[in-house]
Amino acid sequence: MSYYVTTPIYYVNGEPHLGHAYTTIAADVLARHMRQRGEDVFFLTGTDEHGEPVTQAAEKLGITPRELGDRHAVRFKQLAATLNATNDFFIRTTDPEHMEKVAQVVRRIHDNGHVYAGTYEGWYCPRCADFKTESELEDGNRCPIHKIELEIEKEDNWFFRLSTFQEPLERLYAERTDFVIPRNRYNEALAFIKSGLRDLSLSRARLKWGVPVPWDHSQVIYVWIDALLNYYTALSYAREDEDLTERYWPAHVHLIGKDILKFHAVIWPAMLMAADIEVPRRVGIHGYLLLGEHKMSKSLGNVIEPFHVAEVYGADALRFYVLREVSFGADGEVSPEGFETRYTTELANEYGNLASRTLAMLSRYRDGVVPDAAPAPRLQGEFEDLADTVCRRLDAIELTAALDEIWQRVKLLNRYVQDEEPWQLSKDEGAAEQLDQVLYSLAEGLRVVSVLLHPFMPGSAERLLAALGQEDLSLDGARLGAVGGGASIAELGQLFPRVEPPERSAA
Ligand code: MSP
């Protein structure tokens, strides 16, 4: 089966931050997990480079929007690489192939009769170079961003007949109750549709930075229409001599933050219907990472800056933290202190120490070879449905719940080793078989959790599996007892070493 997962394309008007890293991490977990299941995966991320905000930010810096795009697209590419994301392509909306395809699709929407000329009248902010809706205004007529008083302006635009898609959208939602997940976001989108849809301005006359409207070069296509189409256009040119559209469209899941729900859950499917293109299977919504004010932490200062954290603690620790700390789908606070606590108590102690203790005991008591035994019945039951449960959770885009299922087993293995006290068993010759079973069960348990953790923490899981003499990452093998004894173990070193706070200069 093919599986196509996307992140939003990120605006290039600023530097990447943890909020951007979050969606990329989540999409990468799904992509890696589906590859483990043997699916044919395509994972897309990229940058959104046209439109008002980018033009404005560039103007402020005294450079062209293209220069700004080039500068920041590199940073977003670096972010994906730093996070160890396995995206199969990185789209930029300034790619000529994307722009050409956008023009084609918009022309089709036009030729299908869903576009008309009209006049847009509304509150216009010259600083945003954008119209504001009544509900966005502050104190009557002020721009919520620039706080200046706005005036009503008029602009001749091309309009997309979004209103005529109200019924088809309602039908889509009725037929596919998992089109938007989680459920509260589905309800929110459906309520928005039912409240009545207004036509949408499809072009901008005041702006030059964008894809020209194919039948009217005095206007450019509205940046959101241009941006949403990236999910579709990328497949047509991501590979030089192959059009991947047939193979991967419709997308399996678009992962997005809750702030851009309306665009993805309402406008996007309507646009696709208007262009006779199949709608995606799902839109998966996550909440916000709240980066509140915090007291200074020892090594991170008071921000979680993704490049810095990945450099100091490793990408795996960051990937683990954001998915573990905040229940995927909901909003939640993140903080440097919270990060350091989880790094120490969970990664270094619960997982890292379990691994080094197990390897040390295997080498001390069994000459570095995993003994052959049956898994302990006490663990067997707890591991029984684990892989299936993780698959089900991830199919439902419940990333935190999936990770928690695995982590409960990490904790269980810690309790197991405490209860069984292999160091005592080693003193009693009559307990050799029991010691075999304990050591085998620990090695096997660590193997299974590591295979399942691999999408979340690919580097660490791979290192640990290599130390256990294991290479197979497929989910078929993620069952306790699937691999027998006999493997020779290798050196691991510290999976999650202690991080010293930076030296404070006395100056
Ligand atoms: N360019 C548009 C998306 C176009 S997709 C066709 C855009 N870009 S963005 O850079 O502003 O945001 C991209 C994603 O990052 C959004 O899904 C947004 O929710 C997410 N995040 C930005 N800050 C965030 C947090 N603090 N927490 C979690 N994610 C948030 O919107």
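Residues numbered from 1 in each chain as written. Predicted model: local features only at pLDDT ≥ 70, side-chain atom pairs only at ≥ 80, totals over all residues. Heavy atoms only, no water.

## Here we look at the site of the ligand
Part 1: Near the ligand there are 23 residues, and of these Ile 9, Asp 48, Gly 257, Asp 259 and Leu 289 occur at the shortest range.
Part 2: For the ligand, an oxygen atom lies 2.9 Å from a polar atom in the backbone of Gly 257.
Part 3: Between an oxygen atom of the ligand and a side-chain N or O atom of Asp 259, the distance comes to 2.5 Å.
Part 4: For the ligand, the protein covers 93% of the area, taking 670 Å² as the surface of the free molecule. (Near = heavy atom within 4 Å. Polar contact = N/O pair within 3.5 Å; in protein donor to acceptor, adjacent residues only side chain to side chain. Areas by Shrake-Rupley, 256 points an atom, 1.4 Å probe, with all protein chains shown as cover.)

## Some thoughts on the pairing of strand S3 (residues 89–92)
Part 1: Neither face of S3 is left uncovered, since the one carrying Phe 89 and Ile 91 and the one carrying Phe 90 and Arg 92 both have all their residues buried.
Part 2: Here four bridges tie strand S2 (residues 40–48) to S3, and the two strands are oriented parallel to one another. Looking at the pairing, Gly 46 lines up with Ile 91 of S3. (Buried < 20%, exposed > 50% of the residue type's maximum accessible area, 1.4 Å probe, protein only. Helix = DSSP H or I, 4+ residues; strand = E, 2+ residues; numbered from the N terminus. Pairing = 2+ DSSP bridges.)

## Some points on helix H13 (residues 336–366)
Part 1: Of all the bends in H13, the greatest, near 35°, is centred on Gly 352.
Part 2: Two residues or fewer after H13 comes Asp 367, characterised by a positive phi angle close to 55°. (Bend = angle between axes of the 7 residues up to and from the residue.)

## Observations regarding the state of the cysteines
Any covalent bond linking the sulfur atoms of two cysteines counts as a disulfide.
Part 1: Under the definition given, this model contains zero disulfides.
Part 2: Free of any disulfide, Cys 143 has its nearest cysteine sulfur in Cys 125, 3.8 Å distant.
Part 3: Assessed through its relative accessible area of 0%, Cys 143 is described here as buried. (Disulfide = S-S within 2.5 Å.)

## What about the pattern of salt bridges?
Part 1: Throughout the structure, instances matching the rule amount to 31 salt bridges.
Part 2: In this structure, Glu 188 and Arg 185 form a salt bridge, with 2.7 Å as the shortest nitrogen-oxygen distance. Taken together, the residues span about one helical turn, with Glu 188 and Arg 185 both in helix H6 (residues 183–194) at a distance of three residues.
Part 3: We classify Arg 185 as buried; its relative accessible area is 14%.
Part 4: Among the salt bridges present, the one from Glu 350 reaches Lys 411, with a minimum N-O distance of 3.2 Å. Linking Glu 350 in helix H13 with Lys 411 in helix H16 (residues 399–420), this pair joins segments that are 61 residues apart in sequence.
Part 5: Accessibility expressed as a relative area gives 18% for Glu 350, which makes it buried.
Part 6: Each member of the salt-bridge network shares a partner with another, and the members are Arg 324, Glu 325, Arg 342, Glu 346 and Asp 404. (Salt bridge = Lys/Arg side-chain N within 4 Å of Asp/Glu carboxyl O.)

## Considerations on empty space enclosed by the protein
Part 1: Inspection of every chain in the model, using the stated rule, returns three cavities of 30 Å³ or more.
Part 2: Considering only enclosed or pocket space, the largest cavity measures out at about 70 Å³ in volume.
Part 3: Forming the boundary of the largest cavity are Val 370, Tyr 440, Ala 443, Glu 444, Arg 447, Leu 468, Gln 470, Val 483, Gly 484, Gly 485, Gly 486 and Ala 487.
Part 4: Class assignment for the residues of the lining of the largest cavity results in six nonpolar, four polar and two charged. (1 Å grid on protein atoms, 1.4 Å probe; cavity = no way out; pocket = protein on both sides within 12 Å on 5 of 7 lines; lining within 4 Å. Points joined across faces, edges and corners; volume = space filled by probe spheres on them. Nonpolar A, V, L, I, M, F, W, Y, C, P; charged D, E, K, R; others polar.)

## Here's the deal with the sheet that holds strand S8 (residues 200–201)
Part 1: Spatial ordering of the open sheet is given by S5-S4-S6-S8, a layout of four strands whose pairing is antiparallel. Edge positions in the sheet fall to strand S5 (130–132) and S8, since each has one partner strand and no second.
Part 2: Taken together, the three bridges between strand S4 (residues 115–125) and S5 define a ladder with antiparallel strand orientation. When the bridges of S5 are listed, Cys 125 appears paired with Asp 130.

## Comments concerning unusual backbone geometry
Part 1: Cis peptide bonds are those with omega within 30 degrees of zero, and the linkage from Ile 181 to Pro 182 qualifies with 0°.
Part 2: Among the secondary structure elements, Pro 182 is positioned in the loop between strand S7 (180–181) and H6.
Part 3: In this structure, Pro 250 follows Trp 249 across a cis peptide bond, with omega equal to 0°.
Part 4: Structurally, the position occupied by Pro 250 is in the loop between helix H9 (245–248) and strand S12 (253–257).
Part 5: Residues other than glycine seldom take positive phi values, yet Glu 421 does so here, at roughly 45°.
Part 6: Its place among the elements puts Glu 421 in the loop between H16 and helix H17 (422–425).

## Describing the packing of aromatic side chains
Part 1: Applying the stated rule across the entire model yields 27 aromatic pairs.
Part 2: With a centroid separation of 5.5 Å and an interplanar angle of 85°, the aromatic rings of Trp 158 and Trp 215 are classed as edge-to-face. Pair noted here: Trp 158 is in strand S6 (residues 151–160) and Trp 215 is in the loop between strand S10 (212–213) and strand S11 (216–221), with a separation of 57 residues, a long-range link.
Part 3: For Trp 158, a relative accessible area of 17% translates into the label buried.
Part 4: Note on Tyr 232 and Trp 249: the rings are 5.3 Å apart at their centroids and 80° apart in plane angle, and the pair reads as edge-to-face. One end of the pair, Tyr 232, is in helix H8 (residues 230–237); the other, Trp 249, is in the loop between H9 and S12, with 17 residues separating them in the sequence. Neither residue differs from the other here; Tyr 232 and Trp 249 are each classed as buried.
Part 5: Linked through ring pairs, Tyr 313, Phe 320, Tyr 321, Phe 339, Tyr 343, Tyr 351, Trp 407 and Phe 496 together constitute an aromatic cluster.
Part 6: The ring of Phe 307 has Arg 75 lying over it, and the distance from NZ or CZ to the ring centre is 4.2 Å.
Part 7: If you follow Arg 206 out to its NZ or CZ, it ends over the ring of Tyr 124, 4.1 Å from the centre. (Phe/Tyr/Trp six-rings, centres within 6.5 Å; stacked < 30°, edge-to-face > 60°. Lys NZ or Arg CZ within 6 Å of the ring centre and 35° of its normal.)

## Regarding the packing of H13 against H16
When two helices pack together, their arrangement is captured by the angle between the axes and the distance separating the axes.
Part 1: Where H13 contacts H16, the two axes come as close as 10 Å, and the packing angle between them is 50°. Accordingly, the angle class assigned to the pair H13 and H16 is oblique. Taken as a pair, H13 and H16 cross one another with a handedness that is left-handed. For the pair H13 and H16, the contacting residues are Glu 346, Leu 347, Glu 350, Tyr 351, Leu 354, Arg 357 and Met 361 in the first and Trp 407, Val 410, Lys 411, Leu 413, Asn 414, Val 417 and Gln 418 in the second.
Part 2: A per-class count over the contact of H13 with H16 returns eight nonpolar, two polar and four charged. (Axes fitted to C-alpha atoms, helices over the stretch in contact; angles between N-to-C directions. Parallel < 35°, antiparallel > 145°, perpendicular 65-115°, else oblique. Left-handed = near helix turned anticlockwise from the far one by under 90°. Contact = heavy atoms within 4.5 Å.)

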